[in-house]
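Spelled out from the first residue to the last, the chains are:
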Amino acid sequence: ASNGSVEVVQLAGSPLPPGLSAGGEVRDVAALGNALKEFFRKHKLPKRNVRIGLANNRIGVRTIDVSGIEDPKQLANAVRFRAQEALPIPIDEAVLDFQILGDRAAADGTPAKRVLLVVAYRDLVAAYVEACRLAGLRLLGLPEGPAATRAQVIVPVGSSCGARRQPPARLKPRERSDGAFVLS
């Protein structure tokens, strides 16, 4: 990996046993946790700084512009406020993440940030987080404890919200994330 790019150094894949998930939602958290634990053991994948990618029709993705704000904390607050208007999920039921796509000029000429918002229902994310916890995986981008309100959600490219079925990828550790996997 160089210049901010990510290099895949290991791929592994296998189907989930029937009944663990349906339509991108967890049906049996404990069994999924056991399956993930075995999968990571079998393929010798790292268990820390793991990112998950979810593919589900209960995930929303939008782009918005936020103008006149440069301070990162103020920008995060402005994005959260704008998310309430732009996203189809009530903010108190949501896990929200965003990524700055770039700078541009607003209609009135003031500097603006183009922002990609990703939102998922909290209960959807919580089931996967719990399965990962049971598997002994440490997720990157999630605050500790049950009150996590912001997560790093990777939305894969393809399917209804974008996911092709891809095997989990082990990323070079220099990129802060030791591994990633996609559940769809």
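As a reminder, the structure under discussion sits directly above these lines.
Each value, and the rule that gives it
Residues numbered from 1 in each chain as written. Predicted model: local features only at pLDDT ≥ 70, side-chain atom pairs only at ≥ 80, totals over all residues. Heavy atoms only, no water. Core = buried A, V, L, I, M, F, W, Y, C linked by side-chain atoms within 4.5 Å. Buried < 20%, exposed > 50% of the residue type's maximum accessible area, 1.4 Å probe, protein only. Helix = DSSP H or I, 4+ residues; strand = E, 2+ residues; numbered from the N terminus. Pairing = 2+ DSSP bridges. Axes fitted to C-alpha atoms, helices over the stretch in contact; angles between N-to-C directions. Contact = heavy atoms within 4.5 Å. Parallel < 35°, antiparallel > 145°, perpendicular 65-115°, else oblique. Left-handed = near helix turned anticlockwise from the far one by under 90°. Nonpolar A, V, L, I, M, F, W, Y, C, P; charged D, E, K, R; others polar.

A. Spatial organisation of the nonpolar core. In this structure, Leu32, Leu36, Phe40 and Tyr128 are the most contacted members of the largest nonpolar core, which totals 24 residues. Elements that contribute at least two residues to this core include exactly α1 (29–42), β4 (50–54), β7 (111–121) and α3 (122–134). Among the elements that make up this core, the one with the highest residue count is α3 (6 residues). In terms of nonpolar packing, the next biggest core, distinct from the first, is built from 16 residues, Leu75, Ala78, Ala94 and Val119 among them.

B. Focus on the sheet that holds β7. On the basis of which strands lie adjacent, the open sheet formed by 3 strands has the order β5-β7-β6 and antiparallel pairing. If you trace the sheet from one side to the other, it starts and ends with β5 (59–67) and β6 (94–105), each paired once. Neighbouring strand axes in the sheet, compared pairwise and without regard to direction, differ in orientation by 20° on average. Across 11 bridges, β6 lies against β7 in antiparallel orientation. Looking across to β7, one finds that Gly102 is bridged to Arg114. Contacting β5, β6 and β7, helix α2 (residues 72–86) runs over the sheet at an angle of about 125° to β5.

C. A look at the packing of α1 against α3. At a closest axis distance of 7 Å, the pairing of α1 and α3 adopts a crossing angle of 50°. As judged from the angle between their axes, α1 and α3 are oblique. The two elements α1 and α3 meet at a crossing, and its hand is right-handed. Residues Val29, Ala30, Leu32, Gly33 and Leu36 of α1 touch α3, and the partners they reach there are Ala127, Tyr128, Glu130, Ala131, Cys132 and Leu134. Taken together, the residues that form the contact of α1 with α3 break down as 9 nonpolar, 1 polar and 1 charged.

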